[in-house]
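Here is how the chains run, residue by residue.
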Amino acid sequence: MAEVRWNKKDLLGLEYLSKEEIELILETADSFKEVTTREIKKVPALRGKTVVNLFYEPSTRTRVSFELAAKRLSADVINIATETSSVRKGETLIDTGRNIEALKADIIVVRHNCSGAPVMLAKHVSISVVNAGDGWHEHPTQALLDMFTLKERLGRIAGINVTIVGDIAHSRVARSNIWGLTKLGANVTVCAPPMLIPAGIEQMNVQVTTDIEEALGNADAVNVLRMQFERDVQSAFPQQIEYFKKYGITEERLKRAKKDLIIMHPGPINRGIEIASEVADCSQSVILDQVTNGIAVRMAVLFLVSQARDENQI
Amino acid sequence: MKILIKNGRLIDPANKIDQVLDILVDNTKIVRLDKNITNGQATVIDATNKIVMPALVDMHVHLRQPGREDKETIFSGTQAAVHGGVGTVLAMPNTEPPIDSPEQIRLLKKIISQTANAKVLIAATITVGRQGKELTPIAQLKKEGAVAITDDGSSVDSAEILAKAMVKARQAKILIISHCEDKTLSQNGVMNLGAMSTRLGLRGIPNASEYKRVQRDIELAAKTKCRLHIAHVSCQESVEIIAKAKKKGIMVTAETAPHYFSLTEKALFDYDTNKKMNPPLRTDKDVAAIKDALSDGTIDAIASDHAPHTMPDKDIEFDHAEFGVIGLETELAVSITNLVETKHLSWLDLAKVMSLNPARILGIDRGNLSVGKSADLIVVDPVKTWQVRKEEFLSKSKNSCFLGMQLKGKVLYTILGGKIVYKVKDSEDISH
Amino acid sequence: MVKRQKAQILDQETLNRSLLRIAHEIVEHNKGIENVCLVGIRTRGVFLAKRLAGFIKNIEQKEVPVGILDITLYRDDLTLVASQPVLHKTEIEFDINDKHIVLVDDVLYTGRTIRAAMDALIDLGRPRTIQLAVLIDRGHRELPIRPDYVGKNIPTARQETVEVRLVESDGKDEVVIVEQNG
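Residues numbered from 1 in each chain as written. Chains lettered and ligands numbered in written order. Predicted model: local features only at pLDDT ≥ 70, side-chain atom pairs only at ≥ 80, totals over all residues.

1. A look at the interface of chain C and chain A
Right, on to step 1. Counting residues at the interface gives 12 residues for chain C, matched by 14 residues for chain A.
Right, on to step 2. For the side of chain C that touches chain A, the per-class residue count stands at five nonpolar, four polar and three charged. (Contact = placed C-beta atoms within 7 Å. Nonpolar A, V, L, I, M, F, W, Y, C, P; charged D, E, K, R; others polar.)

2. What about the interface of chain B and chain A?
Right, on to step 1. The partner chain A presents 23 residues to the 19 residues of chain B that form the contact.
Right, on to step 2. Ranked by residue count, the leading element in the side of chain B that touches chain A is helix α6 (residues 195-200) of chain B, at five residues.
Right, on to step 3. Looking at side-chain class alone, the side of chain B that touches chain A contains eight nonpolar, six polar and five charged residues. (Helix = DSSP H or I, 4+ residues; strand = E, 2+ residues; numbered from the N terminus.)

3. Focus on the confidence of the model for chain C
Right, on to step 1. Considering every residue of chain C, the mean pLDDT works out to 92; 94% of them sit at 70 or more.
Right, on to step 2. Per the prediction output, this complex has pTM 0.90; the corresponding ipTM is 0.93. (pLDDT = per-residue confidence, 0-100.)

4. Observations regarding the nonpolar core
Right, on to step 1. The biggest cluster of nonpolar side chains holds 289 residues, and the ones touching the most others in it are A:Ile108, A:Val165, A:Leu302 and B:Ile149.
Right, on to step 2. For this core, the element with the most residues is helix α11 (residues 287-307) of chain A, which contributes 10 residues.
Right, on to step 3. Beyond its immediate stretch of four places on either side in the chain, A:Leu302 contacts A:Leu46, A:Val51, A:Ala69, A:Ala70, A:Leu73, A:Ile107 and A:Val130. (Core = buried A, V, L, I, M, F, W, Y, C linked by C-beta atoms within 7 Å. Buried ≥ 20, exposed ≤ 12 C-beta atoms within 10 Å, placed from the backbone.)

5. Structural notes on the domain arrangement of chain A
Residue and element names in this part refer to chain A.
Right, on to step 1. Domain boundaries in chain A define domain 1 (14-139 + 294-307) and domain 2 (140-291).
Right, on to step 2. Distance between the C-alpha centres of domain 1 and domain 2: 25 Å.
Right, on to step 3. Listed as interface residues are 21 residues of domain 1 and, on the opposing side, 23 residues of domain 2.
Right, on to step 4. If you list the elements that add at least two residues to the side of domain 1 that touches domain 2, you get α1 (19-36), β4 (128-134) and α11.
Right, on to step 5. With five residues, α1 is the single largest residue contributor to the side of domain 1 that touches domain 2.
Right, on to step 6. For the side of domain 1 that touches domain 2, the class distribution of residues is nine nonpolar, six polar and six charged. (Domains from an automatic or database assignment.)

6. Some details on the sheet that holds strand β7 (residues 207-209) of chain A
All names here are of chain A.
Right, on to step 1. Spatially, β7-β6-β5-β8-β9 is the arrangement adopted by the five strands of the open sheet, whose pairing is parallel. In the strand order of this sheet, the two ends are held by β7 and β9 (262-264), each with one partner. The mean inter-strand angle of the sheet, taken between neighbouring strand axes irrespective of direction, is 20 degrees.
Right, on to step 2. In the sheet, strand β5 (residues 161-165) pairs with strand β8 (residues 221-224) via four bridges, with the strands oriented parallel. Each bridged residue has a counterpart across the sheet, and for isoleucine 164 the counterpart in β8 is asparagine 223.
Right, on to step 3. Helix α5 (residues 140-154) rests against β8 and β9 of the sheet, and its axis sits at about 160 degrees to β9. (Pairing = 2+ DSSP bridges. Axes fitted to C-alpha atoms, helices over the stretch in contact; angles between N-to-C directions.)

Structure follows, in C-alpha cells:
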C-alpha cells in the first residue's frame, strides 16, 4: 500500500482531498469493515474521546451511522439537534463550536443546511470537524461509502462508468460523488431535467445529459438521488409522476442497461418516485450494503481525523 | 498656515499636468505651482519620488449614521476616508431611518458639521423609506443640500415610479444613482451564478439581474432626458449597454468598485464572507471588461461602495452574512496595484476616475489642482508595498475583501482645505 | 540521529534454528498441535508465524492455522507516536474460541504490544490459552508479561534497538543491535 499519511484535522469535503487520501480512507474503512463483522464490534481506538453530533438539520440515518461508528471506536457520543429557524436569534455556529471545544470534545460531526458552514466552523475551532452534509455543497462520508461499495462490488473505481440521476442542482451527495469518483478515475455522467442541472457543472469533469436512456446506456453503476419535493424550490420540480415517467429507474429501463448494472441510493428512498419499488429490492441493488458500509467508512474517518497531527488546510 | 510640497510628481488631469512641480498652499487654497518654490514660513513636505494628486472623491460610501453606529459613524468613516486618501465622500442614504426627508438631511448635516474629518456630501432616497412606492420631495431634498438621490441597496422596481422620479430629478437638477438589480432574477442569490456557485452549492446571482436593470434604467433616462449614474457595475454586459448608450449621447455615467476589477468568484473558494457583496464578484471575463471600460472611459469612476459590517453580521454562515465590504482605506492602493501597475491606467487616468470625474458627476469643484482651488490633495508613495491588516483600519468595521494582500502605493499625507488631516505615522519609513 | 550497527546477533542459519526449536517446543508443550493456532502480529510476527507453521508441518505432518492480527486500534500510545500508524486488516479466518492461541512477534520489549494483542484477541473470542512466542526478548518489561517460547534472550540498553530483518520483508534474515546516538 502507498505510504500516505493523513494529516488533516477535518474532513470537510472530497474536493479538498487528494486521490491518495481518498484511497487511504477507503483502505482504512476496509479494515474497519472486518471489525463490524465481529461478535464484539467494538475496538478501543477512540477510548476517552468525545464525539459531538451537531445537527442543524433533521437526519436520523446519518446521525445514527456516525453515532454507531463513534461508539464502535469506544468514543463517547453526544447528540445536539438545533432548530435552524433560530439561527439569527440564537447562538452563532462559531460560538456553539467554541463551546463544544471548551467542553473538551475532540470531534464535531456537523450537519447544516447552509453550504460552507463546516468550512467556517473548522476555521474557528482547533478540534476536528467532520462534515455530515452541508447545504447543497458536500456530503463526503456518503460519497466515500458509495465509492467503498462500488469498489467492493467491482474491485476498482478507475475506469468505471457511474451515472448520477436526479436533482443534481441541490444535491450535496452528487457533488461529493463527482469529486471523489473523478479523482479516482471513474467516468461520471449526471442526468436530470434541465431545471435541475446546475450552471457550469460540466466544469467538474462530468458528462451532462437530460436523457435517462443515454445516461444508463453504458453505466456500470447508477446512483439514484432522492427527489426532495419538500424543499423550497418546489416550483422547479416537474410533477412527481411526470418525473417518474421520465427519469424513474424502472425494470423496463434496466432491461436496456448493462445486465449487472449496480443500483445505489443514498436513502431514504421514495418508492415510485425516483426508483421503482421492485428495482430498489432487486439483486442489483446495493442500497442496504451502502448502509452497512457507511459505518465502516465513518469509523475510518473518525479514526483518521483523530490521529491527525497538522492543521487542516483546504 | 502655509504648506510647501516640494519635488513631487504632480498629477492633475483637469489641467493635463504630469510633471515634477512644487506646490504652495496658503490657508485653504493652492496659491502657486512652479519649479523651485522657496518659502521660509511654510511647512515643507519633501515629496521627492512621490505622487501629488487631488484627494479622492468617493461617490459611493455607506457611513451607517444614523442607526448603525456600531458599524460606522460619520466620524470613524471619514477618519477611514482620509487614511485612504479620500477627501470627499457621498454618503448613501440607506441608513436607519433612511435619508428621505428634509428633516433627516438637516439632522445629518448637523452630525457632519460636528464630527466629519472629510467633506461629506449627502445622497437622499428616491422613494420614502426606500420602499419603491412613494416619491420623496425631491426638489426640497435638493434645496436642503442633497446632491443625489438613490435607493441604493435596492432598485426601484416600478418603471413608472422611477420614470416619475427622473422627471422630477431633471427639473430639480439632481443626479439619480441607480442600484441596478432585478430581484426576481437574483432570487436570493449570495454569489455569482456559474461554475463556482455550483461547486460551492450556493445560490447564484446571474449577470442578467444587473444588466437587464441597467438597460431598463438607461432607457427610462433617455426617455425622460434625465442624467443617470449607474452604481457599482460588475459585469461585461452592463459595460456593453453603457458603452452603447454613451455612443447614442444618452446622459449616463457609471462607476465600478475596486473589487470588481481585482477579484473573481474564485476568491469565494473557502466561503469567506468578506468576499460577499452585491453585486457579487464575477468572472475573469467580467474583470477584463471592467478594466477595459475604465481605460476607454465607458466607466467614469471608481467608488469604494464602502459597506461596513460588524463581526456578528459577517462571522456567520455564508447564506446569512450581510453583503458588502469596506473599501475607503484600500481603494487607492488596490487601483494602483491592479490598474496603474498593469498599465491599464496612467496616473493621470487614475486621478481622473478617482477624483476629477466623480467630482464632475456630483457637480462639485474638486479633483482639480489649479491655482485658486481648494487645497484638497494627497501625497502618495507609489512604490511602497504594504499588507492589508485588520489592525490598521480606522474604520469601525474590518470586513475587507483584501485582507492579507500585498498592495502597492501608500498615502503619506491627506490635505483638505489646506489642512493636513492625515499624516502617515513617523514610524513608517516614507523615504527610500 | 545517527544509527550505528553494533553487532549481529543472529544470521540466517541461527535464526532458522531458533525457529525450528520453538516449533518443537510448541508441539511438545501442547502435546501435539490439536486445537493450536498461530497468530502473527503485524508485520514481522506474521512472517515468523508462517515459518513456524511450516516447521510444525514438517514435524507433525499437519497444517496449523495461521491468523494475522493488527493491533493499531488497541495501542495505548496512539496519540503519542510521532507519525500515525496505518491501520491494516486483522485476518483471522478461524474461530478462536477454546483454541490454544500462540501469539507470534519478533521482539518482546516493554510488553505493551502483547497487552494490545491480547485485548484484540479477546475481543474476537475466548481462547482456552494464549501463549507467546518471540524471536528476541530484549528485556525492559513495563507490564507483567513473559514469553512461553524465546528464540534468543539479548540483554540490551534502552538506547539500543533490536532490528529483526526477514527475507520476506527486508531481503535477508538477520538480527542486529543498532545503537542510536544523539
